[in-house]
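# Analysis of the macromolecular model
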Amino acid sequence: MRDIKSFVDAGVIGHFPGGIHPPERKSPANTVALRRPPLPSELILPLRQHIGPSGQCTVEVGDKVLKGQQLTEAQLSQGLPLHAPTSGTVSAIEERPMAHASGLPELAIVIQPDGEDRWITRQPLPNYRDCDRATLIETIQKAGIAGLGGAGFPTAQKLASQKPIQYLIINGVECEPYICADDRLMREHAIDIVAGIEILQFISNAGQVLLAIEDNKPEAIAAMREAIDGSDSIKLRVIPTKYPSGGEKQLIELLTGQQVPQGQLPLDIGLLMQNTGTAYAVKRAVIDGEPLLERVVTLTGDLMSQPGNVWALLGTPIAHLLAEGGFNADGDARVIMGGPMMGFTLPLTDVPVIKTTNCILTPSLQELPPAADEMACIRCGACADVCPATLQPQQLQWLAKAKDYDALESNDLFDCIECGACAYVCPSEIPLVHYYRKAKAEIRNIAREKAKAELARQRFERRQERLEREKQERLERHRKAAEARKKMQQEKAATETSDAASAANKPAQDKSSAVAAAIARAKAKKAAQQAANNTSDEENS
Amino acid sequence: MTFRVAAAPHGHSQQNTADMMRWVCYALIPGVLVQSYFFGAGVYFQLFLAIVTAYAAESLCMLARNRNARSALRDNTALVTAVLLAISIPSLAPWWIIVIGTAFSIVVVKQIYGGMGQNLFNPAMAGYVLLLVSFPVQMTNWLPPSTLANYELSLWQTLHTILFEYTPAGYSVEQLRTTVDGVTMATPLDTIKTALSQGYTVAEAYQQPVLSAIAGVGWQWVNLAFLLGGFILLQRRIISWHIPVGLLAGLLIPALVANLFAPSVMPGPVFHALSGATMLGAFFIATDPVSAATSPRGRLIFGLLIGFLVWVIRSWGGYPDAVAFAVLLANLSVPLIDRYTRPSVYGHSRSHGGGDGQ
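Here the residue numbering is sequential within each chain, running from 1 through the sequence in written order. Going through the entries in the order they are written, you letter the chains from A and number the ligands from 1. Only residues with pLDDT of at least 70 are given local features in this predicted model, and only at 80 or more are side-chain atom pairs given and counted; all residues enter the totals for whole chains, interfaces and linings.

Short version of the rule: UniProt positions are given in the numbering used here, feature names are shortened, and annotations may be inferred rather than shown by experiment.
Per an unreviewed UniProt entry, chain B goes by Ion-translocating oxidoreductase complex subunit D and derives from Idiomarina aquatica. Of chain B, the UniProt comment under Sequence similarities (unreviewed entry) reads exactly: "Belongs to the NqrB/RnfD family." Check the Cofactor (unreviewed entry) section of the UniProt entry for chain B; it says "FMN".

In the nomenclature of an unreviewed UniProt entry, chain A corresponds to Ion-translocating oxidoreductase complex subunit C from the organism Idiomarina aquatica. The UniProt entry for chain A carries this comment under Sequence similarities (unreviewed entry): "Belongs to the 4Fe4S bacterial-type ferredoxin family. RnfC subfamily."

### Let's talk about the sheet that holds strand β1 (residues 43-46) of chain A
Residues and elements named next belong to chain A. Using the following cut-off: DSSP-based pairing: two strands are paired if at least 2 bridges between them are found. Helix and strand definitions here come from DSSP, where helices need a minimum of 4 consecutive H or I residues and strands a minimum of 2 consecutive E residues; each element is numbered from the N-terminal end.
Spatially, 4 strands are ordered β1-β6-β5-β3 in an open sheet, and the strand pairing comes out antiparallel. The open sheet is flanked by β1 and β3 (64-65), the only strands paired with a single partner. The sheet contact formed by β1 and strand β6 (residues 105-113) spans 4 bridges and is antiparallel. Note on β6: the bridge partner recorded for L43 is I111.

### Quick look at the UniProt feature "binding site: [4Fe-4S] cluster 1" (unreviewed entry) in chain A
Residues and elements named next belong to chain A. Where we set the bar: Any residue with 12 or fewer other C-beta atoms within 10 Å of its own C-beta is exposed, any with 20 or more is buried, and the rest are partly exposed; the C-beta atoms used are placed from the backbone. Throughout, a residue-residue contact means that the two C-beta atoms, derived from backbone geometry, are no farther apart than 7 Å.
Mapped onto the present numbering, the UniProt feature "binding site: [4Fe-4S] cluster 1" (unreviewed entry) falls on C377, C380, C383 and C426. With the annotated positions falling across 50 residues, the maximum pairwise C-alpha distance of 10.6 Å places them together in a single cluster. Within the element layout of this structure, C383 appears in helix α10 (residues 382-386). For C383, a count of 28 C-beta atoms within 10 Å gives the class buried. Setting aside its immediate chain neighbours within four residues, C383 contacts P393, Q394, C422, V425, C426 and L432. Look past the residues within four positions of C426 in its chain and what remains in contact with it is A382, C383 and L432.

### What to know about the UniProt feature "transmembrane region" (unreviewed entry) in chain B
All names here are of chain B. As annotated in UniProt, the feature "transmembrane region" (unreviewed entry) corresponds to residues 20-38, 71-89, 125-143, 210-234, 241-262, 268-286 and 298-316 in the numbering used here. Counting secondary structure, residues 20-38 comes out at 100% helix and 0% strand; the distance between its end C-alpha atoms is 28 Å. Here residues 210-234 is 64% helix and 0% strand, with 31 Å between the C-alpha atoms at its ends.

### Focus: the UniProt feature "modified residue: FMN phosphoryl threonine" (unreviewed entry) in chain B
Residue and element names in this part refer to chain B. UniProt records the feature "modified residue: FMN phosphoryl threonine" (unreviewed entry) at T187, using the numbering of this structure. Tracing the backbone through its elements, the reader meets T187 in the loop between α9 (173-176) and α10 (188-197). Assessed through the 23 C-beta atoms surrounding it within 10 Å, T187 is described here as buried. Ignoring any residue separated from it by four or fewer positions in sequence, one finds T187 in contact with W142, W219 and P320.

### A short note on the UniProt feature "binding site: [4Fe-4S] cluster 2" (unreviewed entry) in chain A
Residue and element names in this part refer to chain A. Here, the residues flagged by UniProt with the feature "binding site: [4Fe-4S] cluster 2" (unreviewed entry) are C387, C416, C419 and C422. Judged by maximum C-alpha separation, these annotated positions cover 36 residues in sequence but sit close together in space, the widest gap being only 10.6 Å. Mapped onto the elements of the fold, C419 is located in the loop between α12 (405-410) and α13 (421-425). Sequence-distant contacts of C419, defined by excluding residues within four places in its chain, comprise P244, G247, M341, M342 and P388. Among the secondary structure elements, C422 is positioned in helix α13.

### Brief notes about the interface of chain A and chain B
This is how the line gets drawn: Only Asp, Glu, Lys and Arg are considered charged, only Ala, Val, Leu, Ile, Met, Phe, Trp, Tyr, Cys and Pro nonpolar, and every remaining residue, Gly among them, polar.
With 56 residues of chain A at the contact, the number on the chain B side is 36 residues. Elements supplying a minimum of two residues to the side of chain A that touches chain B: β14 (344-345), α11 (393-401), α12, α13 and α14 (432-540) of chain A. Per-element accounting of the side of chain A that touches chain B gives the leading share, 3 residues, to α13 of chain A. Residues of the side of chain A that touches chain B, tallied by class, amount to 34 nonpolar, 14 polar and 8 charged.

### Observations concerning the nonpolar core
Note the threshold: Here, a nonpolar core denotes buried Ala, Val, Leu, Ile, Met, Phe, Trp, Tyr and Cys residues that are linked to one another through C-beta atoms within 7 Å. Note: domain ranges come from an automatic or database domain assignment.
In this structure, I169, A212, M224, V297 and I360 of chain A are the most contacted members of the largest nonpolar core, which totals 140 residues. Tallying contributions element by element places helix α5 (residues 190-204) of chain A first for this core, with 8 residues. Residues lining this core come from more than one domain, with at least three contributed by each of domain 1 (4-37 + 117-361) and domain 2 (371-492) of chain A. Aside from chain neighbours lying at most four places away, what touches V297 of chain A is A181, N309, V310, A312, L321, V353, T357, N358, C359 and I360 of chain A. Formed by 93 residues, the second largest nonpolar core is a distinct cluster that contains V173, W219, F284 and F302 of chain B.

### Regarding the packing of helix α4 (residues 181-188) of chain A against helix α8 (residues 276-287) of chain A
Residues and elements named next belong to chain A. To keep things clear, this is the line we draw: Note on geometry: axes are C-alpha line fits, over the in-contact stretch for helices, and angles between N-to-C directions span 0 to 180 degrees. Geometric relationships in this document are graded by angle, where less than 35 degrees denotes roughly parallel, more than 145 denotes roughly antiparallel, 65 to 115 denotes roughly perpendicular, and other angles denote oblique. Handedness of a helix crossing follows the sense of rotation of the near helix relative to the far helix, less than a right angle counterclockwise being left-handed and clockwise being right-handed.
Direction vectors running N to C along α4 and α8 enclose 50 degrees, while the axes themselves pass 9 Å from each other. Between α4 and α8, the angle is such that the two are oblique. Here α4 and α8 pass one another in a crossing that is left-handed. Contact residues: A181, D182, L185 and M186 in α4; T276, G277 and Y280 in α8. Grouping the constituent residues of the contact of α4 with α8 by class yields 4 nonpolar, 2 polar and 1 charged.

### Considerations on the sheet that holds strand β9 (residues 234-239) of chain A
Residues and elements named next belong to chain A. Here 4 strands make up an open sheet; going across it, the order is β9-β8-β7-β10 and the pairing parallel. Two strands lie at the open edges of the sheet, namely β9 and β10 (271-275), each paired on one side alone. With direction set aside, neighbouring strand axes in the sheet form an average angle of 25 degrees. Relative to β9, strand β8 (residues 208-214) runs parallel, the two sharing 6 bridges. Within the sheet, the bridge partner assigned to E214 lies in β9 and is I239.

### Details of unusual backbone geometry
Trans is the prevailing form of peptide bonds, just as negative phi is the prevailing case for residues other than glycine. Cis geometry is adopted by the peptide bond preceding P28 of chain A, which originates at S27 of chain A and carries an omega value of 10 degrees. Inspection of the secondary structure assignment puts P28 of chain A in the loop between α1 (4-9) and β1. Residue Y243 of chain A is joined to P244 of chain A through a cis peptide bond whose omega torsion reads 0 degrees. Looking at where P244 of chain A falls in the secondary structure, it is placed in the loop between β9 and α7 (248-256). Although it is not a glycine, E418 of chain A sits at a positive phi angle of roughly 60 degrees. Within the secondary structure layout, E418 of chain A lies in the loop between α12 and α13. Despite not being glycine, E165 of chain B shows a phi value in the positive range, around 70 degrees. Mapped onto the fold, E165 of chain B is located in the loop between α8 (155-164) and α9.

### Topic: the pairing of strand β5 (residues 88-97) of chain A
Residues and elements named next belong to chain A. As defined by bridge partners, β3 adjoins β5 across 2 bridges and the pair is classed as antiparallel. Across the sheet, K64 pairs through a bridge with T89, a residue of β5. Where β5 and β6 come together, 9 bridges link them in antiparallel fashion. Residue pairing across strands places T89 opposite Q112, the latter belonging to β6.

Dropping the structure here:
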């Protein structure tokens, strides 16, 4: 395999295994200019919006907040702070249903906008090149920026890595059908994105930037090409349309010819990947001093009469966006957050837009027919042919159904990126990814249980140890006490023996002397009697 | 308002299993037409009997297993098994042959192993082998190609023969196979095998009327028609090229080499390619995904193994053709092949070849 540098210098596009070509359907949503819906009547800001723990709430119910005011406190490596997307009043801090397939509630700050949209004092850093790296990373951290592409990993944490970065990869691939948020952003804000890329490059000290866009976005490609014109270090890479070429690992293989070794991060091989939307947010945070308050969301699907892309404030209820998109409600409809491949259906629409919400898709039944009944696997191998991780999905499916968790792990279940390509092509319409997710959750549960059991076992063993130790100590103490007593007794006995030796003679003497005395007394008495008798005899005679 | 909940992905490609199976049947049509042209309309009666038996057996099994019989019939896998077995047996074989074979294929080979997707062996071929070893006479009674035959049977005569083992005029199948000279017509593969065992050379065997073409009168056209059907399957991406190419390479390369070294006793690759069940086996039988290897490399090896076994059995075995035996033997080695051909997973430095078990 060629090394990264010679591969990149050759300017070629690599290849990753598998992948599919589902209907793209980026239009009509990508043909309409970005627009800004009216302010919703309330904004729901869940404390947890991204990977990692949630911040500490710093406001109270009833507080007036300004646009951009920090609502939660979070340290680097501990999560991200949250900001008020507009000015208004904190009307509640309570559990609200979340943007998750379960719709389960989580703690959220609810803000009632006052309509004035008044900013706090911003601290822009237009001359960021005069700042040091740590200051800029802190600025980005304080702006609450998470990766806007998918997983929502805190951007500052990635940037704070001490590993040397050879290439900064900017991901404008947007390979999932329907979604065109990055497409519109690149068309309309190319210069800002490039400014953000330059900040990211400055912070990461990357020698070169590779900007990747799929070839189904000619307008975005043209706009970005123009914006980077004159830059020596930013190279545009137009990659062929194939799903999931925007996946981090897949894009790295396309651009560098390398696979990220298992168990390592792109950072470990000198690569840093950021999404175009993230680059834009970084520009706003550093140069304009504006924290992350809004993002582009694609509103699309046949059930929307006004599809397009909108600037949605974080916390905007999905119902508000559905109204903006002209959604024709239908009880049988699916409201999908995300794209058709990896998105999840929302049971409720009063859940909010969060930092990772890139698309709201409301397909008709004809457009994306619901899954038919699952049939048996015929081992046709279509899933293995399209798997970008070169797994054996059919094998994993059997193992998942058999709940053979050890074998699932040895068959690398955890290398599955859940892109859904396998389930898309499966002729038996087996919901493969669903099985994998379930198996992964069960394996994690088992590991947790095991860890718990292990902890309990250790605790038990330590307790047993302690009890045993205490018992031994007690026994030892008793033994010692007994010994001491014994010793004492022995000592006592020893002195008593010598006493006894003398004492043994003494009573004997006493005894004999007493007897002698008694005899002597008796003799004396007898003698006295005899004498008296003799005297009386003498007197009488 | 609550909305419908579904698991990702929300879209699906157009291909589904039932359609794929249906297309396998469509792609068999050219071969069946040519076969009926050369060997009579008996094949249609066999198809009818096989399909009825397969559907009845499948339904009964599903009912016995408390499963939905209708959904099992709709997947068309029983249909494919029935069709493959029906076109593999001599077209005038008595009715109970196909009934026993199909019932065995469905009940024992498929359903007892757990139904669709669970069978270790190719059901049609396991049924075929059962019939071949149990009823060798009926299973080798191939009529001569119509162009060489003395008698032309009407539909009624054909049906009568299948039902009662004699034509309405009282001829047995054995008699129908006999030429005016009193010589029994055999298949090209049989003819070569017999000739070679009697000390004749391949060239001398080719003097026989049934071999008076490139690879046997009738049979070569049947094979070419199945090859055409195979191309349809490839073009529609219902099968991948690995198994057919592997099988043909495994059969034809040894045949070519052997023919170059010993032309008098070893028939050449063209003969092997166009005789017996070569093309049917390569494109329709060995490609049954359930009982084949799964990875592309594994499939190539699986195909090569079948092809090589076919050549070995045809050359030295006791039976004239060998596709069924070769397929079953290869089915047996699938777990081994699958284990050693697992591709390496993204980011893992080496493949797991044979490492951890399943």
